[in-house]
2 protein chains.
Amino acid sequence: MARELSRLLGAERVLRPEGDSPYDRDASGRRGLEGRAEAVALPDTPEQVAALVGWCYEHDVPLVARGGGTGLVGGAVPSEGSVVCSLERLRSVRELEPGLWRMSVEAGVTTRHVQRLARENGLFFGPDPGAAEQSQLGGNVATNAGGPHALKYGVTGAWVTGLEAVLAPGELIGVGGWIRKDVAGYDLKDLLIGSEGTLGIVTAVRLRLLPAPPSTVTMVVFLGGRDEGCAAALELLAGGLRPSALDFLDGETLALVAGAYPPSRVTGRDGPGGEARGMPDGAGFGLIVEVDGSEAETAAQRAETLELLGGHAVAVLEPLEESALWRWRDGVNPAVTGTRGAKVSADVVVPVERLRDALVRFEEIAERHGLRSCAWGHAGEGNVHATVLVDPASERELDAAEEVMEELYGVVAGMDGSIAGEHGVGLLKRGQLARQWEPRAVELHEQIKRLFDPKNLLNPGKKLAR
Amino acid sequence: MARELSRLLGAERVLRPEGDSPYDRDASGRRGLEGRAEAVALPDTPEQVAALVGWCYEHDVPLVARGGGTGLVGGAVPSEGSVVCSLERLRSVRELEPGLWRMSVEAGVTTRHVQRLARENGLFFGPDPGAAEQSQLGGNVATNAGGPHALKYGVTGAWVTGLEAVLAPGELIGVGGWIRKDVAGYDLKDLLIGSEGTLGIVTAVRLRLLPAPPSTVTMVVFLGGRDEGCAAALELLAGGLRPSALDFLDGETLALVAGAYPPSRVTGRDGPGGEARGMPDGAGFGLIVEVDGSEAETAAQRAETLELLGGHAVAVLEPLEESALWRWRDGVNPAVTGTRGAKVSADVVVPVERLRDALVRFEEIAERHGLRSCAWGHAGEGNVHATVLVDPASERELDAAEEVMEELYGVVAGMDGSIAGEHGVGLLKRGQLARQWEPRAVELHEQIKRLFDPKNLLNPGKKLAR
């Protein structure tokens, strides 16, 4: 197969992985989320992607699209006998028009590069899923990735005005464009967004950007515990504040990263005051509240936040450096993983007023299975990264962890939530959709897959409804 | 048929229109956009809608969903032998949770009612297509309606977190819910949004709302002509201003509504100054610039607008009452229609930097066909309501008008624009999509229709790609 692909694409664009290959897994490191690619193709043009899809369709070979490999649900893990199509060499920035608030990039351009280009031009690209240095725009679009700023600015799809994609049996097409409104045809663009490489392969993305907010203020509101924390998040929203981010870390999570808490000052109504030493005593829940706008506006929103939450809070701190706070926040994942050697987690969503209930239920389930748990995520959207800490050598714990997550999916489906908020379905959550959707909708999901991919060769086995 | 429907739904829910019936047309009053309904069903529950779809599917009867009847492309016009399903009696507000920024309404609730309920609760519902007293949420969703505020706040679809809809062959389903993030299945919600009753019938909508901006400032920037006006719109965006609306009226349009221009003051950097008498002399193009935010923010944005555009403008006026200005703007349609007895117009979109070219080309085409033209719309989105003034008694003029629009669709498709921005495709623009989309995408459009409606009974003949 590798030989034939070399003839098709050129030998320098085909790898034949021997032994341990990074293309065989994703960032989850999770049991069961591993595969074996027969070959890895590294096309450097969209036309080569189209040729590859054409070849696979002709020869009945499964094809797995891969971005930065930062996924957590096995979406990019190769299935039996498949070719991996890594988009990492599609790196061109095709257009950047700051005055028109837009940029077009190929699938392999990293999130950080897009963010940086936008910022250098006085603009702003909202979506900020983790692993910005590795994650790529094609993958972000394929998973409709979120991040803290999705609360105010929407998930990746909200920033996409057009896509270029390869569809079966090997055709390169464009959907959308630079226009901001278009009701001429059914919404193929949003059908491809979040389809995880199962309906087509995104090769380039047209992004709308926004003028950068001139100022941001980031506060960490520490509360006594979960009940107070969840109530505080609701109070902030009910108070009419519109934060640009409203993340949470529960008490267990805070305890694991307390040592790394960045230098801060205690926030007063007029701004940061005296220096704080680490996290405050009695902190059992943390809300990261970011507000943005003009200087005057962020000052007003800071004051409003304190007025709404100050009375309930253990303390409100403001980091000396905002970037240090977000680095600390990004450190949660490795810290949690390191505590017992591994973690098993699920990205789920519930209506925001059910956040507390979902967290309580999750903790109960984990306890019942004898596992230590913690949770963090995007409070403003009821988006929870529910996590259990496990010993990677203990099959019993790993089994128990899977049972916990299985139960959790049932709980969120029962709360009119979703089993997948921003990390996709991949291999991990296959079969869960049927819990959440009615049979007719599930059937349409499957029929749409067959329409786009009649031979079931595009990332087969992923995003399955049942 | 009416008798059988009466048995199914109850006689009080079925009309058998005799003679001239409002259900036979839409608000366009356009030649060719008329039909004849065999019966009109007025269900008052979603279950009755499902029963109706089931009956139609069993008896091979076409079914045309109808909202407020304010469409302009014949989307709600009955096809031969069809039943009209008017959703006007589905009027319940199912949920209103101001603290959670959300509202659920049935399809027949008017835009104005949603806007009013939101405002009474300190919230804001962004979409504002015209005819707010008549247009209904179900219809707005079915056409993915826009309006001036779509520039900052997105079209109707951006406000919809969940839908209830009846799909063939008669099943009531829900898609989405209150959650703000969900990647569990393919995006059926966005597929239904804008599908104009051809894939299913929307019976209820879950809407996200936003805290109301505390203050707005509306300015009308008058410029010498089209070139200056289009350049000014681009300059405003390039300057980093993010207006909540950026509408335009060309010189011909201004001339038709000059007499009704509302009382205003001349705007200075610090706010409105001396009184203005009507529109300024030399006004050949108008930009309605609305900015919103806190008082301080709107003041800053007013100053910025004047800094960016003041030098180029003939005058910048601020209405004494903002609502009077928008009423004046809503008066464009009747004034234009009244000038020669009728108008023929098309809602098209081009990338914003092509706005000037599109307007020039449109005027040339109209002139070549011997017709007087004018244009207005949403400058910030390149969304043009291109209009020719005609004598409704002149078949020659009406023919010429159709030719003008046909040419215009070709022009916008050639500019990577869209033949339909916010008014839908309906009957009027059937067959135009194939000019704009590649064959494979057109094929998918048609396959999706067959998937949802295998018997082609849901609003048949509408939104056709070729």
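Definitions and limits used
Residues numbered from 1 in each chain as written. Chains lettered and ligands numbered in written order. Predicted model: local features only at pLDDT ≥ 70, side-chain atom pairs only at ≥ 80, totals over all residues. Heavy atoms only, no water. Contact = heavy atoms within 4.5 Å. Buried area = accessible area lost by both parts, 1.4 Å probe. Salt bridge = Lys/Arg side-chain N within 4 Å of Asp/Glu carboxyl O. Polar contact = N/O pair within 3.5 Å; in protein donor to acceptor, adjacent residues only side chain to side chain. Helix = DSSP H or I, 4+ residues; strand = E, 2+ residues; numbered from the N terminus. Nonpolar A, V, L, I, M, F, W, Y, C, P; charged D, E, K, R; others polar. Buried < 20%, exposed > 50% of the residue type's maximum accessible area, 1.4 Å probe, protein only. pLDDT = per-residue confidence, 0-100. Phe/Tyr/Trp six-rings, centres within 6.5 Å; stacked < 30°, edge-to-face > 60°. Lys NZ or Arg CZ within 6 Å of the ring centre and 35° of its normal. Pairing = 2+ DSSP bridges. Lys, Arg positive; Asp, Glu negative; His and termini not counted.

A few words on the interface of chain B and chain A. On the side of chain A, 75 residues touch chain B, which itself brings 75 residues to the contact. Carbon and sulfur atoms supply 64% of the area that chain B and chain A bury against each other, a total of about 6100 Å² over both sides. For the chain B face of the interface with chain A, the top three residues by lost area are Lys181(B), Val183(B) and Tyr186(B), together amounting to 17%. Scanning the region where chain B abuts chain A turns up 6 salt bridges. At the surface where chain B touches chain A, the tally comes to 26 residue pairs in polar contact (both at pLDDT 80 or more). Elements that contribute at least two residues to the side of chain B that touches chain A include exactly strand 9 (171-176), helix 6 (188-192), strand 11 (210-211), helix 7 (226-238), helix 14 (433-436) and helix 15 (439-452) of chain B. Take the side of chain B that touches chain A: its biggest share by element is 9 residues, from helix 15 of chain B. Along the lines of polarity and charge, the residues of the side of chain B that touches chain A split into 36 nonpolar, 21 polar and 18 charged.

This part takes up the environment of Ala441(B). Its location among the elements puts Ala441(B) in helix 15. Residue class for Ala441(B) comes out buried when judged on its relative accessible area of 0%. Note: C-alpha distance between Ala441(B) and Gly108(B) (333 residues apart in sequence) is 33 Å. What Ala441(B) contacts, discounting residues up to four positions off in sequence, is Ile173(A) and Leu188(A).

Relative to the helices and strands, Glu106(B) resides in strand 6 (residues 102-106). With near-sequence residues (within four places) excluded, Glu106(B) lies in contact with Pro46(B), Leu90(B), Arg91(B), Ser92(B), Arg94(B), Thr203(B) and Ala204(B).

Our next topic: the confidence of the model for chain A. Averaged over every residue, the pLDDT of chain A is 96; the share at 70 or more is 100%. Both scores are given for the predicted complex: the pTM is 0.97, the ipTM 0.97.

All names here are of chain A. By the secondary structure assignment, Gly 461 is in the segment after helix 15 (439-452). Spatially, the C-alpha atom of Gly 461 lies 10.0 Å from that of Gly 431, the residues being 30 residues apart in sequence. Excluding anything up to four places from it in sequence, Gly 461 contacts Gly 426, Leu 427 and Arg 430.

Evaluation of the coordinates by the stated rule reveals 14 aromatic pairs over all chains. An angle of 70 degrees between the planes, with centres 5.5 Å apart, marks the rings of Phe222(A) and Tyr261(A) as edge-to-face. Pair noted here: Phe222(A) is in strand 12 (residues 215-223) and Tyr261(A) is in the loop between helix 8 (251-257) and strand 14 (264-268), with a separation of 39 residues, a long-range link. Between Phe248(B) and Phe285(B), the ring centres sit 5.6 Å apart and the planes meet at 5 degrees, which makes this aromatic pair stacked. Residue Phe248(B) is found in strand 13 (residues 245-250), and its partner Phe285(B) is found in strand 16 (residues 285-293); the two are separated by 37 residues along the sequence. According to the relative accessible area criterion, Phe248(B) is buried, its value standing at 0%. Put simply, the rings of Phe124(A), Phe125(A), Tyr153(A) and Trp159(A) pair up and form one aromatic cluster. Arg208(A) extends its terminal NZ or CZ atom over the ring of Trp159(A), reaching a point 5.1 Å from the ring centre. Here the guanidinium or amino end of Arg206(B) rests over the ring plane of Trp178(B), the centre of that ring lying 5.2 Å away.

Residues and elements named next belong to chain A. Spatially, 1-2-4-3 is the arrangement adopted by the 4 strands of the open sheet, whose pairing is mixed. Strands at the two margins of the open sheet, each flanked by one partner only, are strand 1 (14-15) and strand 3 (63-66). Pairing of strand 2 (residues 37-41) with strand 4 (residues 82-86) involves 4 bridges; the strand directions are parallel. Following the sheet pairing, Ala 41 is matched in strand 4 by Cys 85.

Further remarks concern the side chain of Arg208(A). Following the sequence through the fold, Arg208(A) ends up in strand 10 (residues 201-208). Here Arg208(A) sits buried without a salt bridge, and the closest side chain of opposite charge, Glu381(B), lies 8.8 Å off (N-O distance). Within the structure, the side chain of Arg208(A) is placed 2.9 Å from the backbone oxygen of Ala158(A), a separation counted as a polar contact. Discounting residues that sit within four places of it in the chain, Arg208(A) has contacts with Trp101(A), Phe125(A), Ala158(A), Trp159(A), Thr161(A) and Arg180(A).

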